[in-house]
Structure formats: C-alpha cells, structure tokens
Amino acid sequence: MTFTLKNISLASGLVTNIAIDGTQVLSIGSEIHGDVVDCTGLIALPGLVDLHTHLREPGKEDSETVLSGSKAAAKGGYTALSAMANTSPVADTAGVVEQVYRLGKEAGLCEVFPIGAVTVGLAGERLAELGAMAQSAARVRVFSDDGKCVSDPLVMRRALEYVKSFGGVIAQHAQDPRLTEGAQMNEGAVSSRLGLAGWPAVAEEAIIARDILLADHVKSRLHICHLTTKGGVELVRWAKAQGINVTAEVTPHHLILTDDLVESYDPIFKVNPPLRTNEDVLALRAGLADGTIDIVATDHAPHPTEDKECEWSAAAFGMLGLETALSVVVKTMVETNAMTWEQLANVMSVNPAKIGGYDRQGVPLAAGSPANIVVIDPAQTWQVDKEALSSKSKNTPFHGYVLPTKIVHTVYEGIFVVKNQELTGLKYE
Amino acid sequence: MKSQLLSINDLSTADIHSILSTAAELERITDGPTKKLPTLRGRTVVNLFFEDSTRTRISFETAAKRLSADVINFSAKGSSVSKGESLKDTAQTLQAMGADAVVIRHGSSGAAQRLADSGWISATVINAGDGTHEHPTQALLDAFTISKSFPDRKSDFSGLRVAIVGDILHSRVARSNVLLLSKLGASVTLIAPPTLLPVGVETWPVKISYNMDEQLEEFDVVMMLRIQIERMSNFFFPSEREYSRQYGLNEERLLRMKKSAIVMHPGPMNRGLEISASSADSSRSVIVDQVGNGVLTRMAVLYLLLGGAALTEVGQ
Ligand SMILES: [Zn+2]
C-alpha cells in the first residue's frame, strides 16, 4: 500500500509530508504518493518501543495474551514490545521464546521480541541456555529474570560475561531479596504510619551499585530495569561518567505517582518496585531529561480483577502501562518543558531499540527508514477509562485521569494497525 | 463522628472526649443490677475475625450483648475464608445477612479500610486490629483507663508523660496510642531498640529513646508491649535474655518509677520477658482494669456509631 501522511509535523517541528510505500518510508518532503491522509496539527514519531512488557502468555491468558497485549501496544503507539520471561512455563528455553515470537508474528500488530530468562525457572541458581535462545528464531538479545533479581553475585557475573559472545545484555530487576522479604511499599514515613512492611531504597541501590561494578569488571553490558530512587539515578550517573556500559529505564508511573497514594490501601497502587517519594520522582525526571536514564519502559503488568480487589498484602504487584505511557511522559516531561519531542522520541523509541538491537525499530524518520510510525495529536486531551482499554486486564492506576496527547494513528510496517484512534483490524503478515 | 472507626485519625478530639465520657456514663449505669441496656435491640453486630484473638472478640461480643444487639461471630480463621474465599465474598455475605456493624480483625494492614471503602458493604465498619497498622478501640480503652487513673485530668492529658516500650515496629496498639495520646495532649516517648522502631518514626509526634533507664522516673504511664519471640529469627534482638535485661519492666525498674505512675499492657503478656510477674501484679498495674474498661469503651463506640436510643432513657 502507498499513502502519504500530509502536512505532518516531525519531532523537530518541521511540517512536511511522509510518503510510505510498502514497509518503507518512500520520501519526506513535498512529494505526495498514493492515498492522502491529512495530518494537519499532528506529530509523527518513530513507533514507540517498549523494552519491558509482561504479556502473561503462556500460562495466564486470562490476564493478557500476546494478541491482547499487542492490541494495547498498538493503541498506545508502540510498534515493538519486549515480552518478559516470567511466564508459565518460564521463557528459559529456545522452545518458549520461539512460541512467544511466533504468537507475536501471528498477532501482526507490532513486533514482539521475547526476553529470555537469565536463570532456569527464574530461580537464580543455574544459567538458562542463553546461547540457544540467542540462536533461536526469536534471536533473543535481552535477558532478564524480571520479577526476581539475579541476586547471587557469581551468577550475575557469569551471566554478564556469557552474553558478550553474542552481544547480549542483562536487564536486572534490582531488588536485594533479603532486604525486601515481605515488603509491601516504599520504606519511609508513609509505611511507618500505615504499618506496611518497607521496601527500602537501599535494597535497589545496593544491587545497582554491585552490578555496575561487575559490568565494569567483566566489560559487559548491563541494563537496569525500572529505576525508582534518587540514589539509583546518582549511581547510574556515576557509572556513565566512568564510561561503564550501563543503561537504565524508568516507568511512566514512577515519573508521576508517589507513595502517599498507598494511604488509600487501594492495591491498584501496589507495584514492584514500589512508588517512591516526590523527591525520587523529581530525581527520575531530571535523570531522564539529562540522559542518565536512557529510556522509558512500561513494565506493563496485567492482573485479573480479583488480584487487585482484595486487601493490600494479598494483592498482586503491577500496573498496566502500554496505553497510557506516552501521555504520562508528555505530561511529566514535555508539558513541564523538561524534554522536547525529539528527546521523547529518543527515550521511547530510538534508545530502547538500540539497547535491544531491534533493527527495524526506533529508526529516525527519513527516506528509506522502516514504516514504523506513531502519529499523535498534542492538542487533545483524553480521559482514561479502564473499561475502554484494549488490555485484557483493567489494573490501570490512571482510571479517571485526564491526560494530554491522543494517539491518532499507529503504522506498523506500512500498515495502519490503528487509525483515528481505533484498531483497524488490519495486521502485518 | 464519622460512621466508621478504622483509625484514630477518624476521630476528632471532641469525638474522643465523647467516647470516653460515654464509657464513664455506661459504667455508672451498668454498675448495678442493670448490666444490660436495650439500646441496640434489633441491631446485628458481626464479629469478623480473620485472626485469632479470643480476648478482643469476647470483649466486643460482651459489649454488643450488653447493649442488646444480636451478635454473630464469623471466625474466618481456619474456615473457607482464610483459604480462597476473599474479603469481598465474605463482605457480600455479611451484607446479605443484614449486618449493621462489622467488627473486623485482620492480619493485613488496611483490611478494615478496604472493607469500608470498597462499596461491598453498607454496614458500619469497626477496626478491631488490622495487621501492624492500628487497633483504635485498644487505644480508646487505654485512654479511658488512664483517665480513670488520673481522675483530676478529665481526659485532658496535656503534660502527661507516657512511655510506650517494646516492639513499636510491629505494633498496631502503639500506632493507635501515639495518635490518640498526642491528640489528647500527652507527651509520648517510644522506648525500643532501633531495630524495633520503623524507619520514618522521626515523622511521628513522639520522642524516641533507646534506653529504658534514661528517664524512667519521669513517666506517669509506662505501657509495655508484647514482644514476639519469633522476632529473634529476623535479628531484631539477639536473645530473650538480652531483650528482657534492656527493655523488660522488672522489679528494680518498677521501684524507680514515680509514686503515682501506672503500668499498662494490652495483653497477652509474656511474663518474665517484657514484664516481670511482680510488675504485672503490682499495685501500679492497671492491666486487669484495662480488660473491664475494654468492654465499656467498646460499648461506647458501638452505641455512638450505631446511634442507639438515648442513654438517659435506657438508664431508667
Ligand atoms: Zn521488575
């Protein structure tokens, strides 16, 4: 199919036309090819790339499937997502990652990159067959035990060393397990009043510090998942200044929500790592703006209603993220003038694609680049309605929020998978 | 007054005075042959206990029965409720049974608030202890006990010095008492090893001490908390013997206290650990009074929250 996004603004602010033919951008400029889609007032960015998504398939298809998660991704402007390994069975073999990869292809709404487990069964004891997953059809490059921390320093060291042979990266969920036994929320003034067991910042920072030093020692590549503390930002800033090969992510929810929301005891705010203080939020925003934090990743974590409709300690950790991520980042970073649209495109598309080695993703829009594009309307706000989300689950903490920026079209490999804010039913095959 | 009692924060100082004076009034009325008042006749009070606590349950049950309410004990521990059946399902069952008040004890902090806020139930929810969060009626009965021990003060505790000693970190009794006593003007000092004080305690309206011997002579009230021996396995303190030596209320410490000072304990006690038998049974101890005051205070809470018929009528 050939069409032109006419009168569209690039992240740089330049207003132009983007012509697309097949799966490629044909031209950017005055030329018009094929059908014309008027995009006056809209902005085109390279399709968003999520490096941290929980799809729940195989094993918990009542919460989310590869297909429903792909729909949510497309609605949220994503043309790629990365399926975390903590499924059932765990994605710790070539067989499971290939299954997820195939389901992603079948869904055809965005590119689905399986993340492989670092250790067998996420147990933290024996390395999974990382090489086999890397060589599989899924070509896994990102490995993570997310949900659990690779806490044994020797296992972590070996994993970092081993993935060097195929250019892999270890994405660490930084949480010292001993310091967080039974932990329910950020440890501080609010937890002291609420009588909920604390999840101290030091449990995150101690692992980050250790892993930075390990990555330096073995000269490998480390990615820190969901940074949440001011101290963690400082550690990554220091590591980068030393030239250590570390990247870091922050979630949209940690850029906006704080631990005082737990005072409601509503488990919709229960998430791991937990919501922190306002001081942490400000440090995360500053770190994202100055490049210390490389990317925004959703940590999209669907849960069935019954896992949130209960008392706090019985509830599951996790929040939805795919369909609200861009709007939250616009609200916290662009509307506050902390970041430009170009920077937003970097942290939500270009950089995550680089970390994951996703060749057809996060490519700045130019003639010849892959036709993975999100078109947004910065002038319109929308109200989040959990019932209207495409995810199978409803556990968004933003229900009722009025957020800036609508996602108007999502173009995946030249196909309008979302047009005028609705899934078209079309897919890329 | 709010229609729920989930936290001491739900009560204004005026509400607290009203509860304490109602408890005193109930004591006066029921201090005779009329032990039972008809004021809550036809009302149903459900004791919903997800955690064993015979003493608290019996206290609420007695309070409700003395006000002529119908009482249903719904012990969730060990039944279908603890495994599988959710708080929500249980709440909806109670709603269908027509409960007017639900007295809930739960091992999870915030469970009472969750029950009240969820919309699953329209009954008045009374928190009878939620995890390590709060136990508001315990604090109210403690305040009632203190006010009776210092009758000149009439529940104005300004300048009263109260020490709360022991496992503050895991104590719902301590959290409720800190809020309540400071609302009434008392000066509260928490005495504990640093391991048993929560991170963030510096934001509480209290003084902190790690040393029990420092100012023992200055306190009007010494409230001892139960220590759970299994805490040792998490390194909160090295041994029972060391804990007892550093933070236990023994004979020698008892003798150093002010003449007018009282000793309290929410029970159940570990005699010989946080409190010696001689301290527990001494003339300063009001521990046994706390039990009786518990019934009166809970009667007052039920009466005020459920809006029973006026006491003056029923007193006749
Ligand atoms: Zn994680």
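Not measured: the values here are computed from a predicted model.

Draft legend 1. Quick look at the sheet that holds strand S4 (residues 124–130) of chain B. Residue and element names in this part refer to chain B. Within the open sheet, the 4 strands sit side by side as S2-S1-S3-S4. Their pairing is parallel. In this open sheet, the two edge strands, each paired with only one partner strand, are strand S2 (70–75) and S4. Geometrically, the sheet is characterised by an average inter-axis angle of 15° between neighbouring strands, direction not taken into account. In terms of strand pairing, strand S3 (residues 101–106) meets S4 through 5 bridges, oriented parallel. If you follow Ile104 over to S4, its bridge partner there is Asn127.

Draft legend 2. Region of the structure containing the coordination of the zinc ion. Residue and element names in this part refer to chain A. Only Asp146 (OD), His173 (ND1) and His226 (NE2) from the protein coordinate the zinc ion, and they sit 1.9 to 2.2 Å from it. Within one chain, the residues serving as donors to the zinc ion are arranged as D-x26-H-x52-H. Remark: His226 occurs in the loop between strand S13 (222–224) and helix H7 (230–241) and Asp146 occurs in the loop between strand S9 (142–143) and helix H4 (153–162); sequence separation between them is 80 residues. Note on accessibility: Asp146 and His226 belong to one class, buried.

Draft legend 3. Just the nonpolar core, in detail. Formed by 85 residues in total, the largest nonpolar core has its most connected members in Leu140, Ile146, Ile164, Ile168, Leu190 and Leu302 of chain B. By residue number, the principal contributor to this core is helix H10 (residues 287–306) of chain B, which donates 10 residues. Two domains each put at least three residues into this core: domain 1 (8–135 + 292–314) and domain 2 (136–286) of chain B. Beyond its immediate chain neighbours, meaning those up to four positions away, Leu190 of chain B contacts Ile164, Ile168, Val178, Leu197, Val201, Trp204, Val206, Lys207, Ile208 and Ser209 of chain B. One finds Val96, Ala134, Met339 and Trp341 of chain A within the second-largest nonpolar core, a separate group that totals 75 residues.

Draft legend 4. Structural view of the interface of chain A and chain B. Contacts between the two partners involve 21 residues from chain A and, on the opposite side, 22 residues from chain B. Roughly 1500 Å² of surface becomes buried between chain A and chain B when both sides are summed, with 48% attributable to carbon and sulfur atoms. Inspection of the region where chain A meets chain B yields 1 salt bridge. In this structure, the salt-bridge partner of Lys88 of chain B is Glu309 of chain A, at a minimum N-O distance of 2.6 Å. Applying the counting rule to chain A against chain B returns 12 residue pairs in polar contact (both at pLDDT 80 or more). Considering only residue class, the side of chain A that touches chain B consists of 7 nonpolar, 5 polar and 9 charged.

Draft legend 5. Inspection of the domain arrangement of chain B at higher detail. All names here are of chain B. According to the domain assignment, chain B contains domain 1 (8–135 + 292–314) and domain 2 (136–286). Distance between the C-alpha centres of domain 1 and domain 2: 26 Å. On the side of domain 2, 25 residues touch domain 1, which itself brings 31 residues to the contact. Taken over both partners, the interface formed by domain 1 and domain 2 buries close to 2400 Å², and the fraction arising from carbon and sulfur atoms is 63%. Sorting the residues of domain 1 by area buried against domain 2 places Ile8, Leu20 and His135 first, and these three jointly supply 28% of that buried surface.

Draft legend 6. Fine view of the packing of helix H1 (residues 13–30) of chain B against helix H5 (residues 136–149) of chain B. All names here are of chain B. Running from N to C, H1 and H5 cross one another at 65°; their axes reach a closest spacing of 10 Å. Overall, the two elements H1 and H5 adopt an arrangement that is roughly perpendicular. Remark: the crossing between H1 and H5 carries right-handed chirality. The residues of H5 that touch H1, namely those facing Ile16, Ile19, Leu20, Ala23, Ala24 and Glu27, are Leu140, Ala143, Phe144 and Lys148.

Draft legend 7. Expanded view of helix H2 (residues 54–66) of chain B. Residues and elements named next belong to chain B. Between its terminal C-alpha atoms H2 stretches 18 Å, which fits the 18 Å expected from 13 residues at 1.5 Å a residue. Where H2 is concerned, the buried positions are Thr56, Ser59, Phe60, Glu61, Ala63 and Ala64. In this structure, the buried residues of H2 make contact with strand S1 (44–49), S2, S3, S4, H5 and H10. A positive phi of about 70° marks Ser68, the residue just after H2.

Definitions and cut-offs
- Residues numbered from 1 in each chain as written.
- Chains lettered and ligands numbered in written order.
- Predicted model: local features only at pLDDT ≥ 70, side-chain atom pairs only at ≥ 80, totals over all residues.
- Heavy atoms only, no water.
- Pairing = 2+ DSSP bridges.
- Helix = DSSP H or I, 4+ residues; strand = E, 2+ residues; numbered from the N terminus.
- Axes fitted to C-alpha atoms, helices over the stretch in contact; angles between N-to-C directions.
- Donors = N, O, S within 2.8 Å, 3.2 Å for Na, K, Ca; no water.
- Buried < 20%, exposed > 50% of the residue type's maximum accessible area, 1.4 Å probe, protein only.
- Core = buried A, V, L, I, M, F, W, Y, C linked by side-chain atoms within 4.5 Å.
- Domains from an automatic or database assignment.
- Contact = heavy atoms within 4.5 Å.
- Buried area = accessible area lost by both parts, 1.4 Å probe.
- Salt bridge = Lys/Arg side-chain N within 4 Å of Asp/Glu carboxyl O.
- Polar contact = N/O pair within 3.5 Å; in protein donor to acceptor, adjacent residues only side chain to side chain.
- Nonpolar A, V, L, I, M, F, W, Y, C, P; charged D, E, K, R; others polar.
- Parallel < 35°, antiparallel > 145°, perpendicular 65-115°, else oblique.
- Left-handed = near helix turned anticlockwise from the far one by under 90°.
- Expected span 1.5 Å × (residues − 1).

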